[in-house]
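# Summary of the model geometry
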Amino acid sequence: MRILIVEDDAALANGLRRILESEGYAVDVMPKGEQAVAAAQREHVDLMIVDVGLPGMDGFEVVRRLRAAGQALPVLVLTARDALDDRVHGLDLGADDYMPKPFALPELAARVRALIRRSGAQTGPRIVHGPLVVDTVARRAFLHGEPLLLAAREWAVLEVLLARVEKIVSKDAIIQAVANWGEELSPNAIEVYVSRLRAKLEPAGVRIRTVRGFGYMLEDYKAA
Ligand code: CA
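Residues numbered from 1 in each chain as written. Predicted model: local features only at pLDDT ≥ 70, side-chain atom pairs only at ≥ 80, totals over all residues. Heavy atoms only, no water.

Attention now moves to the overall build of the chain. When helices and strands are tallied, the chain shows eight helices and twelve strands. In terms of overall dimensions, the chain is globule-like: its C-alpha atoms have a radius of gyration of 19 Å, near the 17 Å expected for 224 residues. The buried share among the 224 residues of the chain stands at 51%. In the structure as shown, the chain presents an accessible area of about 10,800 Å², 51% of it carried by carbon and sulfur atoms. (Helix = DSSP H or I, 4+ residues; strand = E, 2+ residues; numbered from the N terminus. Rg over C-alpha atoms; globule rule 2.2 N^0.38 Å. Buried < 20%, exposed > 50% of the residue type's maximum accessible area, 1.4 Å probe, protein only. Areas by Shrake-Rupley, 256 points an atom, 1.4 Å probe, with all protein chains shown as cover.)

With that settled, the discussion passes to the side chain of D97. Along the polypeptide, D97 turns up in strand β5 (residues 97-100). According to the relative accessible area criterion, D97 is buried, its value standing at 15%. Looking at D97, its side chain comes within polar contact range of the side chain of R111, at 3.2 Å. Once residues lying within four places of it in the same chain are set aside, the contact partners of D97 are V75, L76, V77, L91, R111 and L115. (Polar contact = N/O pair within 3.5 Å; in protein donor to acceptor, adjacent residues only side chain to side chain. Contact = heavy atoms within 4.5 Å.)

Taken as a whole, the second largest pocket spans an internal volume of roughly 180 Å³. Looking at the second largest pocket, it is lined by 13 residues, and the ones nearest its centre are R139, R140, A141, L148 and W155. Broken down by secondary-structure element, the contributors of at least two residues to the lining of the second largest pocket are β8 (140-143), β9 (146-148) and α6 (152-162). Considering only residue class, the lining of the second largest pocket consists of nine nonpolar, one polar and three charged. (1 Å grid on protein atoms, 1.4 Å probe; cavity = no way out; pocket = protein on both sides within 12 Å on 5 of 7 lines; lining within 4 Å. Points joined across faces, edges and corners; volume = space filled by probe spheres on them. Nonpolar A, V, L, I, M, F, W, Y, C, P; charged D, E, K, R; others polar.)

This next bit is on the coordination of the calcium ion. The coordination sphere of the calcium ion contains the protein donors E7 (OE), D8 (OD), D51 (OD) and G53 (O), at a distance range of 2.1 to 2.7 Å. Written as a sequence motif, the donor arrangement for the calcium ion is E-D-x42-D-x1-G. Of the two residues, D8 sits in the loop between β1 (2-6) and α1 (10-22) while D51 sits in strand β3 (residues 47-51), which places them 43 residues apart along the sequence. What makes D8 partly exposed here is its relative accessible area of 37%. Look at D51 and you get buried, because its relative accessible area is 5%. (Donors = N, O, S within 2.8 Å, 3.2 Å for Na, K, Ca; no water.)

Moving on to the domain arrangement of the chain. Here the chain is described as being made up of domain 1 (2-119) and domain 2 (126-218). Centre-to-centre, using C-alpha coordinates, domain 1 lies 27 Å away from domain 2. Tallying the contact residues gives 18 residues for domain 1 and twelve residues for domain 2. In total, domain 1 and domain 2 occlude about 1,100 Å² of area from one another, counting both sides; carbon and sulfur atoms represent 51% of this. Among the residues of domain 1 in contact with domain 2, R2, G24 and D28 are the three that bury the most area, contributing 38% of the side total. The tally of links from domain 1 across to domain 2 stands at two residue pairs in polar contact (both at pLDDT 80 or more). (Domains from an automatic or database assignment. Buried area = accessible area lost by both parts, 1.4 Å probe.)

For any two helices packed against each other, one specifies the inter-axial angle together with the distance between the axes. Packing of α6 against helix α7 (residues 171-178) brings their axes to within 9 Å, and their N-to-C directions diverge by 130 degrees. Taken as axis vectors, α6 and α7 run oblique relative to one another. As α6 packs across α7, the resulting crossing turns out to be right-handed. Residue-level inspection shows R153, A156, V157, V160 and L161 of α6 in contact with α7, the latter providing I174, A177 and V178. A class-by-class count of the residues in the contact of α6 with α7 yields seven nonpolar, no polar and one charged. (Axes fitted to C-alpha atoms, helices over the stretch in contact; angles between N-to-C directions. Parallel < 35°, antiparallel > 145°, perpendicular 65-115°, else oblique. Left-handed = near helix turned anticlockwise from the far one by under 90°.)

A few words now on the nonpolar core. For soluble globular proteins, the rule of thumb is that nonpolar side chains tend to be buried together. Counting residues in each nonpolar core, the largest one holds 31 residues, and the members touching the most others are I174 and L201. Element by element, the count of residues in this core is highest for α6, at seven residues. Excluding residues within four positions of it along the chain, I174 makes contact with V157, V160, L161, V169, I190 and Y216. (Core = buried A, V, L, I, M, F, W, Y, C linked by side-chain atoms within 4.5 Å.)

Burial within strand β4 (residues 75-79) is extensive, with five of its five residues counted as buried. With burial as the criterion, each face of β4 is covered, one bearing V75, V77 and T79 and the other bearing L76 and L78. Summarising the sheet, β3 and β4 pair through four bridges and their orientation is parallel. Counted as the bridge partner of D51 is L78 from β4. Of the crossover connections in this fold, the one passing from β3 over helix α3 (residues 59-68) to the parallel β4 is right-handed. Bridging between β4 and β5 involves four bridges; their strand directions are parallel. (Pairing = 2+ DSSP bridges. Right-handed = clockwise from strand over helix to strand, strands pointing away.)

As structure tokens, this is what we get:
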């Protein structure tokens, strides 16, 4: 799941990025509305967080242009506190939710989960794969009923593989899903995440097969 944050306040943007990355999302930050509108047309974005106050094109105009271009992705607008007109205006333009500043980061993360759930961007809230159960909304995984701790990147790789069980997923497709734009993530890095995932999953019989020179495949689970 890719989230694009459009916010010129670097400290706030980084705080948002950190909490969302810790939940396993691939996060990009852009300080300008023009950039964000262009990026959403060029790349797949699952959700956008847009501050109203931006240099140049403001957040309202970003939402207006996205909707005018037929982009249906969920958009959460960050507004100034008590600016009721801003909230109404943002929702009128097609934003899905708003968050008045200042806000607590965990609350924002909860809103993001709710928006993603409502958007139906995920196949279902719970994925069961043999002894592995993944709650995609709460972003928690369990193996044989025990909490399974996954680093954010491991989580992202697992999510891609789980969406395509018994289908070969190319390393490029995994990089796409996991990397942030402008970040060089090598196929070797993907190998590292996959091998960490394997170390956690294979003792339980959940297997990730290497398809040499191409990518990986999460095998159908067969009880031993
Ligand atoms: Ca701002």
